[in-house]
Amino acid sequence: MCVPTGVAPEGHAVAGAVNVVAQQIGASVGVAVMVLAAATRDDRLGGYHLAYLVGGAACLAGAAVIALTGREKEAGTLGG
């Protein structure tokens, strides 16, 4: 669950909509990159393996960015 922090209560709907749009665009770009990686190989199975390796590397990179740039939770917020 995503809780918009740092946004005025009347802006929560817009913040939520921006979050959903960002997720959709990220998923579309991710699928496109995996298809591109799979298409670079001549054999289909090797292409699938490469696509999953690219996806896994992207997940690890994202986890590293989150771990390194994570902010402290504010008191009184969900999970804080």
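Structure shown above.
A. Fine view of the overall build of the chain. Summing up its helical and strand segments, the chain has two helices and zero strands in all. For the chain, with 80 residues in total, the buried portion stands at 9%. Taken as a whole, the chain presents about 6,500 Å² of accessible surface, with 68% of it coming from carbon and sulfur.

B. The arrangement of helix 2 (residues 44-69) in detail. Between its first and last C-alpha atoms helix 2 spans 37 Å; for 26 residues at 1.5 Å apiece the expected length is 38 Å, and the two agree. Residues of helix 2 that are buried in the fold lie against helix 1 (12-39).

C. The packing of helix 1 against helix 2, seen in detail. Contact pair helix 1 / helix 2: the axes reach a minimum separation of 7 Å and the direction vectors enclose 145°. Classified by chirality, the crossing of helix 2 by helix 1 is right-handed. Residues Val-33, Met-34, Ala-37 and Ala-38 of helix 1 form the contact with helix 2, whose own contacting residues are Gly-47, Tyr-48, Leu-50, Ala-51, Tyr-52, Val-54 and Gly-55. When its residues are assigned to classes, the contact of helix 1 with helix 2 shows nine nonpolar, two polar and no charged.

D. Seen up close, a nonpolar patch on the surface. Taken together, Val-21, Ile-25, Val-29 and Val-33 make up a surface patch of nonpolar side chains, about 340 Å² in accessible area. Within the element layout of this structure, Ile-25 appears in helix 1. Take Ile-25: its relative accessible area is 52%, and that puts it in the exposed class.

E. Looking closely at the environment of Met-34. Mapped onto the secondary structure, Met-34 falls in helix 1. We classify Met-34 as partly exposed; its relative accessible area is 27%. Taking the C-alpha atoms as reference points, Met-34 and Leu-53, separated by 19 residues in sequence, lie 9.1 Å from one another. Not counting chain neighbours up to four residues away, the residues in contact with Met-34 comprise Ala-51, Tyr-52 and Gly-55.

Analysis parameters
Residues numbered from 1 in each chain as written. Predicted model: local features only at pLDDT ≥ 70, side-chain atom pairs only at ≥ 80, totals over all residues. Heavy atoms only, no water. Helix = DSSP H or I, 4+ residues; strand = E, 2+ residues; numbered from the N terminus. Buried < 20%, exposed > 50% of the residue type's maximum accessible area, 1.4 Å probe, protein only. Areas by Shrake-Rupley, 256 points an atom, 1.4 Å probe, with all protein chains shown as cover. Expected span 1.5 Å × (residues − 1). Contact = heavy atoms within 4.5 Å. Axes fitted to C-alpha atoms, helices over the stretch in contact; angles between N-to-C directions. Left-handed = near helix turned anticlockwise from the far one by under 90°. Nonpolar A, V, L, I, M, F, W, Y, C, P; charged D, E, K, R; others polar. Patch = residues over 30% accessible without salt bridge, like charges linked within 9 Å, V, L, I, M, F, W, Y side chains within 5 Å. Salt bridge = Lys/Arg side-chain N within 4 Å of Asp/Glu carboxyl O.

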